[in-house]
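Letter by letter, the chains look like this.
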Amino acid sequence: MKILGLLAMTMAVGVAAPPNSYPARGDTGHQCDAGKARALAGRTRSPAVEREARRLSGAGIVRWIPEGAMVTMDYRPDRIDLRLDGKGRIVKVDCG
């Protein structure tokens, strides 16, 4: 019986998606393109800037990253990352 349980667990793990198989689009149905949103560099965090980042990039999710903050390494093609300096100004814009 233990062997059958082990075999079932092995088969379940074997059908999982490979770790680097990302969908073409994110869960929100959007696709981020940071190019135009890079014009936001130097602006400070606000709801208006967040809306503008979504509009310019096409992203469905905005992630604000304060200076020195740790973030998850998961890749989301529908997310725009806005990295901030110590004064809350955007210093880097990228997708993921």
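You'll find the structure just up there.
Owing to the predicted nature of the structure, the values given are computational and were not obtained by experimental measurement. Residues take numbers from 1 onward in each chain, read along the sequence in its written order. It should be noted that, the model being predicted, local features are given only for residues of pLDDT at least 70 and side-chain atom pairs only at 80 or more, the latter also being counted only at that level, while totals for whole chains, interfaces and linings use all residues. Note that water and hydrogens are dropped before the side-chain values are worked out from all heavy atoms of the structure.

Peer 1: Residue-level account of the environment of Gly42, with values.
Peer 2: Relative to the helices and strands, Gly42 resides in the loop between helix H1 (2–14) and helix H2 (47–57). Burial here depends on accessible area, computed with a 1.4 Å probe over protein chains only, as a share of the maximum for the residue type. Under 20% is buried, over 50% is exposed, and the range in between is partly exposed. For Gly42, a relative accessible area of 46% corresponds to the partly exposed category. The spatial distance from the C-alpha of Gly42 to the C-alpha of Val91 is 6.3 Å, given a sequence separation of 49 residues. Contacts between residues were defined by any pair of non-hydrogen atoms, one from each residue, lying within 4.5 Å. Among all residues touching Gly42, those that are not within four sequence positions of it are Arg89 and Ile90. Secondary structure follows DSSP: runs of H or I at least 4 residues long count as helices, runs of E at least 2 residues long count as strands, and numbering of each begins at the N terminus.

Peer 1: Let's hear about the sheet that holds strand S3 (residues 90–95): which residues, and what values?
Peer 2: Backbone-to-backbone hydrogen bonds pair the strands of a sheet. The strands run either parallel or antiparallel. A pair of strands is considered paired only if DSSP assigns at least 2 bridges between the two. One open sheet holds the three strands; their spatial order is S1-S2-S3, and the pairing between them is mixed. The sheet is open, and its two borders are formed by strand S1 (61–65) and S3, each paired with just one other strand. Between one strand axis and the next, the sheet turns through 20 degrees on average, direction left out of account. For strand S2 (residues 79–84) and S3, the ladder comprises five bridges, and the chain directions are antiparallel. Paired with Asp81 across the strands is Asp94, a residue of S3. All axes here are fitted lines through C-alpha atoms, helices being fitted over the stretch that makes contact, and every angle between N-to-C directions spans 0 to 180 degrees. The strands that H2 touches are S1, S2 and S3; relative to S1, the one it contacts most, it runs at about 125 degrees.

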